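Below, each chain spelled out in residue letters.
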Amino acid sequence: MAKKKDRRVRLSSDGKSSHVDSSTRRIKADHKLTSTSYTLFLFFILSSTICVILYRKLHASNAHKNMNAGSDLPYVYQRGLVKTDIHYHQVLSENMKASENSSRRNFKNAVLAYLTPWNSKGYEMAKKFNHKFTHLSPVWYELKSQDTKLVMEGRHNADKEWIAELRMKGDALVLPRVVLEAHPLNLLKKKKQRNKAVDLIITECKEMGCDGIVLESWSRWAAYGVLHDPEMRSMALQFIQQLGQAMHSITLEHSKQTLQLLYVIGPPRSDKLEEYDFGPQDIQSLSEAVNGYSLMTYDFSGPQNPGPNAPLKWIQYALQLLLDGTTHDHENFDQMIFVGVNFYGNDFIVSGGSGPILGTDYLSLLERHRPALQWDENSAEHFFVYSDKQNVKHVVFYPSLKSISMRLEEALSWGAGIAIWEIGQGLDYFFDIL
Ligand SMILES: *[C@@H]1O[C@H](CO)[C@@H](O)[C@H](O)[C@H]1NC(C)=O
């Protein structure tokens, strides 16, 4: 819990999105110049105005181009549903509807979609909206220590038939998630164990016909405290490097591509990067080994500190910390980032407690309480409050078309993709804007 609280970063009102706001900031600076010369003043006003108009025009045309590849708008835009002022009855009547053509992509960058074996709706969505995803990550595997041995658990989750079906429908890469649960001291210090881990992963990919994996280990290593030790930290990076190199040396029959490695990273937990955080230097040093980073920009709030799931400024701040230190000369690191977008929400008790809800829970809460949906400007998220039968006050944050579309635009403005957790937890019409 303490960890969650640490994530609350104090956000200054500016400085998060300098690249987005640069023109507006320039205008503010212009206005400070209280020139004695009237003409000079007029000139500034005019040039500022032109700046604003140009910026808006550019921005609008880009947003339009990016959000809408085809000639006509997606259904939810046509119906005017992507807005801050929304009503519960509209959500109830529209959430199942989407454009007839479910294969048209409206978001031009990469879309990584997680799905979990315990929620079959995710598998359904993966098939239905197949073309909207570039990467699909079923949450299947754990690499564990068993006595002194390493074992890959989760084969019972894996579904070859489903992969085959997806291959018939489209060309999204299938990259199951593997969590490295094995004790890091054994794994990182013993060459035999490292080789075994790499071998287990590659063997599983080959046997199941996957395109690679999404690896989650950094949070586990941080929990074990190994990342505080510089020597262990560098061994951890070396392991990822070894794995990536080994995977990239394998070319797949069906795609003629090499096995891909995506790596899961967390957002910084305080207002500056700590030694155990995954930072810009790490992105740079692993740029050959890793094909992309799934950035977990969700769970900003928790039962102990009820609030929005992923404030937009916090997302901007995380991206800035991660990407500003990287050089952009010949490598575009921005494109390697998949910005985390939650499709689940939270039903919090205002005084503390309770937790995640899925789309179906959200809809039944709307039906039961007929709440007024409110827009929180600060976080750019919708929420509502209600009192339960015991008269306990709750606050519910659940994503909306507007909140998601703003995060898509944010990702686009960085040249980044998105990573959705998880596609079985959202409402059908969310997929219309992807
Ligand atoms: C759906 O959209 C895709 C991509 O834009 C297009 O290739 C396809 O022809 C469309 N299908 C129909 C039935 O309009």
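Residues numbered from 1 in each chain as written. Predicted model: local features only at pLDDT ≥ 70, side-chain atom pairs only at ≥ 80, totals over all residues.

By the naming in an unreviewed UniProt entry, the protein is Chitinase domain-containing protein 1, taken from Olea europaea subsp. europaea. Quoted verbatim from the Sequence similarities (unreviewed entry) field of the UniProt record, the comment on the protein reads "Belongs to the glycosyl hydrolase 18 family." (UniProt positions renumbered as here; feature names shortened; annotations may be inferred.)

1. What to know about the overall build of the protein
Looking only at helices and strands, one finds 15 helices and 15 strands in the protein. Looking at the protein as a whole, 39% of its 434 residues qualify as buried. Taking the intrachain contacts of the protein between residues at least 6 apart in sequence as the baseline, contacts between residues at least 24 apart amount to 75%. (Helix = DSSP H or I, 4+ residues; strand = E, 2+ residues; numbered from the N terminus. Buried ≥ 20, exposed ≤ 12 C-beta atoms within 10 Å, placed from the backbone. Contact = placed C-beta atoms within 7 Å.)

2. Some points on helix α11 (residues 230-248)
Taking 1.5 Å per residue, 19 residues should reach 27 Å; α11 reaches 27 Å between its end C-alpha atoms and fits that length. All of the buried residues along α11 are A236, F239, I240, L243, G244 and M247. The arc enclosing the buried residues of α11, seen along the axis, measures out at 125 degrees, which places them on a common side. Pointing more than 90 degrees away from the buried face of α11 are the exposed residues P230, E231 and S234. Buried-residue contacts for α11 involve α8 (184-189), α9 (191-208), β6 (212-216), α10 (218-224) and β7 (260-265). (Expected span 1.5 Å × (residues − 1). Arc of directions from axis to C-beta.)

3. Focus on the nonpolar core
Core analysis: the largest hydrophobic core is formed by 107 residues, its most contacted members being A113 and V339. Broken down by element, this core gets its largest block of residues, seven residues, from helix α13 (residues 312-323). Setting aside chain neighbours within four positions, we find V339 in contact with L295, T297, I315, L319, R407, E410, A411, A416, I418 and A419. (Core = buried A, V, L, I, M, F, W, Y, C linked by C-beta atoms within 7 Å.)

4. Remarks on the packing of α9 against α11
For any two helices packed against each other, one specifies the inter-axial angle together with the distance between the axes. For the pair α9 and α11, interaxial distance at closest approach is 10 Å and the crossing angle is 40 degrees. In terms of orientation, α9 lies oblique with respect to α11. Crossing angle aside, the handedness with which α9 passes α11 is right-handed. Here α9 contributes R194, V198, I201 and I202 to the contact with α11, which in turn contributes F239, Q242, L243, A246 and M247. (Axes fitted to C-alpha atoms, helices over the stretch in contact; angles between N-to-C directions. Parallel < 35°, antiparallel > 145°, perpendicular 65-115°, else oblique. Left-handed = near helix turned anticlockwise from the far one by under 90°.)

5. Overview of the pairing of strand β2 (residues 135-146)
Two elements, strand β1 (residues 111-115) and β2, share four bridges in a ladder whose sense is parallel. Residue pairing in the sheet places Y114 in a bridge with S137 of β2. In terms of strand pairing, β2 meets strand β4 (residues 173-174) through two bridges, oriented parallel. Bridge assignment links L136 to a residue of β4, and that residue is V174. As paired elements, β2 and strand β5 (residues 177-180) share four bridges and run parallel to each other. Considered in β5, the bridge of L143 is made with L180. Judged from the five bridges that link them, β2 and strand β3 (residues 149-153) form a sheet pairing that is antiparallel. The residue of β3 that forms the bridge with S145 is L150. (Pairing = 2+ DSSP bridges.)

6. Concerning the environment of E409
The residue E409 is located in helix α15 (residues 401-414) in this model. The exposure class assigned to E409 is partly exposed, which follows from the 17 C-beta atoms found within 10 Å. Between the C-alpha atom of E409 and that of F107, which follows or precedes it by 302 residues, the distance is 8.9 Å.

7. Remarks on the sheet that holds strand β12 (residues 374-376)
Reading across the sheet, the five strands line up as β11-β10-β14-β13-β12 and stay open at both edges, with antiparallel pairing between neighbours. Each edge of the sheet is formed by a strand with only one pairing partner; in this case those strands are β11 (356-357) and β12. With two bridges connecting them, strand β10 (residues 345-349) and β11 associate as antiparallel partners. Each residue of the ladder has a partner; that of G345, found in β11, is I357. Along the sheet, helix α14 (residues 359-369) makes contact with β10, β11, β13 (381-387) and β14 (393-397), crossing β10 at roughly 50 degrees.

8. Observations regarding the environment of G225
Checked against the element boundaries, G225 lands in the loop between α10 and α11. Under the C-beta neighbour-count criterion, G225 is labelled exposed, with 11 such atoms within 10 Å. Distance in space between the C-alpha atoms of G225 and P184 is 9.6 Å, their sequence separation being 41 residues.

9. Focus: the packing of α13 against α15
Look at α13 against α15: their axes get within 11 Å of each other, and the N-to-C directions meet at 20 degrees. Taken together, α13 and α15 sit at an angle that is classed as roughly parallel. Taken as a pair, α13 and α15 cross one another with a handedness that is right-handed. Judged by residue contacts, L312, I315, Q316, L319 and L323 of α13 engage M406, R407, E410 and W414 from α15. Here the residues of the contact of α13 with α15 are counted per class, giving six nonpolar, one polar and two charged. (Nonpolar A, V, L, I, M, F, W, Y, C, P; charged D, E, K, R; others polar.)

10. A look at the pairing of strand β15 (residues 417-421)
Counted residue by residue, β15 has five buried out of five residues, so it is predominantly covered. Here β15 shows two buried faces, one formed by G417, A419 and W421 and the other by I418 and I420. Here three bridges tie β1 to β15, and the two strands are oriented parallel to one another. By the bridge assignment for β15, V111 is matched with I418. With five bridges joining them, strand β9 (residues 337-342) and β15 adopt parallel strand pairing. Bridging across to β15, F338 finds its partner in G417.

11. Describing unusual backbone geometry
A cis amide bond, omega -25 degrees, links W421 with the succeeding residue E422. With a phi angle near 65 degrees, K256 is a residue other than glycine that sits in the positive phi range. As for its position among the elements, K256 is in the loop between α11 and β7. Unusually for a residue other than glycine, R370 sits at a positive phi of about 40 degrees. The residue R370 is located in the loop between α14 and β12 in this model. Residue classification places R370 among the partly exposed residues on the basis of 13 C-beta atoms within 10 Å.

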